[in-house]
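# Observations on the model geometry
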Amino acid sequence: MPKLKVSNIYKIFNDGKSNVTALEDVSFEIEKGEFVVIVGPSGCGKTTLLNIVGGLDTASSGTVEVDGRQVTKPGGDRGMVFQSYSLFPWLSVLKNVEFGMKMRHIPKEQRLETARKYIGLVGLGEFENAMPDTLSGGMKQRVAIARTLANSPEVLLMDEPFGALDAQTRIVMQELLADVARTTESTVLFITHDIDEAILLGSRIIVMSNRPGKILDIIPVELSISRNRSALTNEEFLAIKRRIMDLLWKETL
């Protein structure tokens, strides 16, 4: 049984004058521990799809299942990381990461142990008492990732989490996330506009069409080299990039 199963998703909005189809017959499956990335043109419904998987929006038709259980609302089996860091500015790094566990009435000692584990995993062990306004953008996003992972979600949903970061910080965060995902064996569904980022992170890449968003192709990423910044000029990497760019270019014609 797949960890995540998306079946025949349609999403239709009404703009007050007519119906607009945002997503059309979207189906895919993700196995436990896979890191799947969605790329596609702006406005193709990527974020709408992620919100449906997260239970923040409802499909017009079709189903989403996690471990065979149908998704009808937000739940602890899915954790979301957005482009905006959404940290509580009045709480320290440690207390931000603890927050979800506190709401679930996890005992204090267990909360502290788990929070410190994930703060260390994202490289912020020396900053657990720092306040968010003293952190850089990249550090804030590390806290957001640690906070989400500390709640032990079955599936991690990420909506362009590095989109607001500068190029150098973004590369560092990509490498960090790849390491964290491997270490925690997380199942990840990740949205990005950045094709390089998609190839560096993904085990498979879902390429979507212009609106209405449909799946054009699902491309496996099989690289014989390490996934880091040096891979960007590798021929295997570039071949996958050309394949994705060709698909997206045809959508602009």
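In this report, we go over the structure that sits alongside the text. Note that the structure is a prediction, hence the values are computed from the model and not measured.

Right, let's talk about the side chain of Asp159 for a bit. Note on placement: Asp159 falls in strand S7 (residues 155–159). Although Asp159 is buried, it forms no salt bridge, and the closest oppositely charged side chain is Lys46 at an N-O distance of 7.6 Å. Not counting residues within four places of it along the chain, the set of residues in contact with Asp159 comprises Thr47, Leu50, Val81, Phe82, Gln83 and Ile191.

Moving on to the sheet that holds strand S6 (residues 78–81). Read across the open sheet, the six strands follow the order S6-S7-S8-S3-S9-S10; overall the sheet is mixed. Strands with a single pairing partner mark the edges of an open sheet, and in this sheet they are S6 and strand S10 (215–220). Adjacent strand axes in the sheet meet at a mean angle of 15° when their direction is disregarded. Relative to S7, S6 runs parallel, the two being bridged by four bridges. Bridging across to S7, Gly79 finds its partner in Leu156. Where helix H7 (residues 235–252) meets the sheet, its contacts fall on strand S3 (35–39), strand S9 (204–208) and S10, and the angle it forms with S10 comes to roughly 175°.

To continue, consider the sheet that holds strand S4 (residues 61–66). Strand order in this open sheet of four strands is S2-S1-S4-S5, and the pairing throughout is antiparallel. Because the sheet does not close on itself, it has two edges, and the strands there are strand S2 (19–30) and strand S5 (69–70). Two strands pair when backbone bridges link them, and strand S1 (residues 4–14) and S4 are joined in this way by five bridges, in the antiparallel orientation. Pairing of Leu4 across the sheet is with Val66, part of S4. Contacting S1, S2 and S4, helix H1 (residues 46–54) crosses the sheet at an angle of about 120° to S1.

Reading guide: rules and limits
Residues numbered from 1 in each chain as written. Predicted model: local features only at pLDDT ≥ 70, side-chain atom pairs only at ≥ 80, totals over all residues. Heavy atoms only, no water. Helix = DSSP H or I, 4+ residues; strand = E, 2+ residues; numbered from the N terminus. Buried < 20%, exposed > 50% of the residue type's maximum accessible area, 1.4 Å probe, protein only. Lys, Arg positive; Asp, Glu negative; His and termini not counted. Salt bridge = Lys/Arg side-chain N within 4 Å of Asp/Glu carboxyl O. Contact = heavy atoms within 4.5 Å. Pairing = 2+ DSSP bridges. Axes fitted to C-alpha atoms, helices over the stretch in contact; angles between N-to-C directions.

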